[in-house]
Amino acid sequence: MFTRTLLALLLFLTACSGEERLYKTRGHVFGTTVDITIYGGSQQRADLLGAEVLREFDRLHRKFHAWEPSMLTALNDSIAKGEPMRADAEMVGLLKSAEKLSVRSGLLFNPTIGHLIRLWGFQKNDIGAQGPPAAEIKRWVDARPSLSDLRYNGNIISSVNPAVMIDLGGYAKGYALDRAAALLREAHVKAALVNIGGNVIAIGQPGERPWQVGIRDPRGAGTVAQIALRDNEAIGTSGDYERYFMKDGKRRPHIIDPRSGYPIDLVASVTIIASGGRDPGLRSDGHSKPLFITGPRDWQAMAEKLDLKEVLMVDAQRNVHMTAAMQARIAGAERHEQAGTWQARE
């Protein structure tokens, strides 16, 4: 493990100089800013592709929203009533993949604790300071909901535990990244970078050098490190600095430990890189949550359990802990920068 004080954890991107241009499309979905950067081609084509990706994001946002009317809220309502619901293959596939991660993580990744998330006031757009009664927290912890409680009959979903309330806020953005990558690859783009609120996936390479992202402080601005992001790699961060409130001098982020029912206050952010396969976006999103919950003392064991090689954690005291592989990637990017091989491009 490598430890040092971190000043910033900021995402930015650059491409190498050359004849091709970068075209950017910006939107707002999943409650955050979305950027689609396409390398090469024409402005018109990039605009059309960017709009197509944003439409797909909007579809997924409306389908998997945790508290506004959606297919997911309809499923949660059916579970609460003890009734089955006909979903679709996409929903079933996403839930089954989430269950695999949940089991591997020892249920620390648990999207079925929606009742706890709602109890703490995170299932709404305007977050205020909450102090749920301890008895209510214990009630939902003791109910022990999990994705293993779900039963499938084709696309019909039911649950043996009415306490299950699914919230895919820590998983759907990663799935959306993979869907965006699939759409852009089908369109044969030369290279692209898709950013959903700091969760990023790379397609191809913009010229002679890979895409580049940087690292920033969960508490401030400024860049301190750079990372090369190559084709079919995704970087994801779980942090305590976007959806949180302060109460009694403590920061209460939206990431809740399903074992205690309380938000985690020992970690500021966890960043991981997932590479290869059909779902690097999904893995970069979901796999960071168990590490965040285990905290600075036990994160390494969880990283090994989930087969994560490149991890960077910033704890609440602003110390950085990272794997040797992440340290090597950052050092490599810094060497390229010092050699003058990185050039920002509008």
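The structure this text deals with has already been given above.
Rules used throughout
Residues numbered from 1 in each chain as written. Predicted model: local features only at pLDDT ≥ 70, side-chain atom pairs only at ≥ 80, totals over all residues. Heavy atoms only, no water. 1 Å grid on protein atoms, 1.4 Å probe; cavity = no way out; pocket = protein on both sides within 12 Å on 5 of 7 lines; lining within 4 Å. Points joined across faces, edges and corners; volume = space filled by probe spheres on them. Nonpolar A, V, L, I, M, F, W, Y, C, P; charged D, E, K, R; others polar. Pairing = 2+ DSSP bridges. Helix = DSSP H or I, 4+ residues; strand = E, 2+ residues; numbered from the N terminus. Buried < 20%, exposed > 50% of the residue type's maximum accessible area, 1.4 Å probe, protein only. Polar contact = N/O pair within 3.5 Å; in protein donor to acceptor, adjacent residues only side chain to side chain. Salt bridge = Lys/Arg side-chain N within 4 Å of Asp/Glu carboxyl O. Core = buried A, V, L, I, M, F, W, Y, C linked by side-chain atoms within 4.5 Å. Phe/Tyr/Trp six-rings, centres within 6.5 Å; stacked < 30°, edge-to-face > 60°. Lys NZ or Arg CZ within 6 Å of the ring centre and 35° of its normal. Expected span 1.5 Å × (residues − 1). Contact = heavy atoms within 4.5 Å.

A.B. asks: Provide a residue-level description of the layout of surface pockets, including the pertinent values.
C.D. replies: Quantified by volume, the second largest pocket comes out at close to 220 Å³. The residue makeup of the lining of the second largest pocket, split by class, is seven nonpolar, three polar and three charged.

A.B. asks: Hey, could you go over the pairing of strand S5 (residues 150–153) for me, with residue numbers and the actual values?
C.D. replies: Inspection of the sheet shows S5 paired to strand S6 (residues 156–159) by four bridges, in the antiparallel sense. Counterpart to Arg-151 in the pairing with S6 is Ser-158. Here S5 folds back onto S6 in antiparallel fashion, the turn holding two residues, of which Gly-154 has a positive phi close to 65 degrees.

A.B. asks: Got a sec to walk through the environment of Ala-80? Specific residues and values, please.
C.D. replies: Within the fold, Ala-80 resides in helix H2 (residues 71–81). Along the backbone, Ala-80 and Asn-161 are 81 residues apart, and their C-alpha atoms lie at a distance of 8.5 Å.

A.B. asks: Let's hear about the environment of Asp-307: which residues, and what values?
C.D. replies: Structurally, Asp-307 is set in the loop between helix H8 (288–305) and strand S15 (310–315). On the basis of relative accessibility, which here comes to 49%, the residue Asp-307 falls in the partly exposed class. Linking Asp-307 and His-287, residues 20 residues apart in sequence, is a C-alpha distance of 9.8 Å. At a separation of 3.3 Å, a polar atom in the side chain of Asp-307 contacts the side chain of Lys-309.

A.B. asks: Provide a residue-level description of the pattern of salt bridges, including the pertinent values.
C.D. replies: Taken as a whole and judged by the stated rule, the model has 20 salt bridges. Where Glu-20 meets Lys-190, a salt bridge forms, and the shortest distance between an N and an O atom there is 2.5 Å. Of this pair, Glu-20 sits in the loop between strand S1 (2–5) and strand S2 (22–29) while Lys-190 sits in the loop between helix H6 (172–186) and strand S7 (191–196), placing them 170 residues apart in sequence. With a relative accessible area of 52%, Lys-190 lands in the exposed category. Between Lys-309 and Asp-307 there is a salt bridge whose closest N-O contact spans 3.3 Å.

A.B. asks: Can you explain the sheet that holds S6? Please cite residues and give values.
C.D. replies: Strand order in this open sheet of three strands is S4-S6-S5, and the pairing throughout is antiparallel. The sheet terminates laterally at strand S4 (85–86) and S5, the two strands that pair on one side only.

A.B. asks: Describe the nonpolar core, naming the residues involved and giving the relevant values.
C.D. replies: Counting 63 residues, the largest nonpolar core has Phe-57, Leu-95, Ile-166, Leu-168, Leu-184 and Val-194 as its most contacted members. With seven residues, H6 is the largest single contributor of residues to this core. In terms of nonpolar packing, the next biggest core, distinct from the first, is built from 20 residues, Tyr-39, Val-200, Val-213 and Ala-225 among them.

A.B. asks: I'd love a proper account of the packing of aromatic side chains, names of residues and values included.
C.D. replies: Per the counting criterion, the structure on display carries five aromatic pairs. Each residue in the set Trp-120, Phe-122, Phe-245 and Tyr-262 is aromatic and connected to the rest through ring pairs, giving one cluster. The ring of Tyr-152 is capped by Lys-96, whose NZ or CZ atom sits 4.9 Å from the centre of that ring. Lying over the aromatic face of Tyr-244, Arg-251 brings its terminal NZ or CZ to 4.2 Å of the ring centre.

A.B. asks: Explain helix H3 (residues 89–104) to me, using residue names and the numbers behind them.
C.D. replies: The terminal C-alpha atoms of H3, which comprises 16 residues, lie 23 Å apart, in line with the 22 Å expected from a rise of 1.5 Å per residue. Those residues of H3 lying buried are Glu-90, Met-91, Val-92, Leu-94, Leu-95, Ala-98, Leu-101 and Ser-102. Along its buried surface, H3 packs onto helix H1 (43–63), H2, S5, S6, H6 and helix H7 (280–286). Gly-106 lies just past H3 and shows a positive phi near 65 degrees.

A.B. asks: Any chance you could break down the environment of Ala-187 for me, citing the residues and the numbers?
C.D. replies: Note that Ala-187 resides in the loop between H6 and S7. Given a relative accessible area of 18%, Ala-187 falls into the buried group. Residues Ala-187 and Arg-45, spaced 142 residues apart in sequence, show a C-alpha to C-alpha distance of 9.9 Å. If near-sequence neighbours (up to four positions away) are discounted, Ala-187 is found in contact with Arg-45 and Leu-49.

Scope: geometric values only; no functional claims are made or implied.
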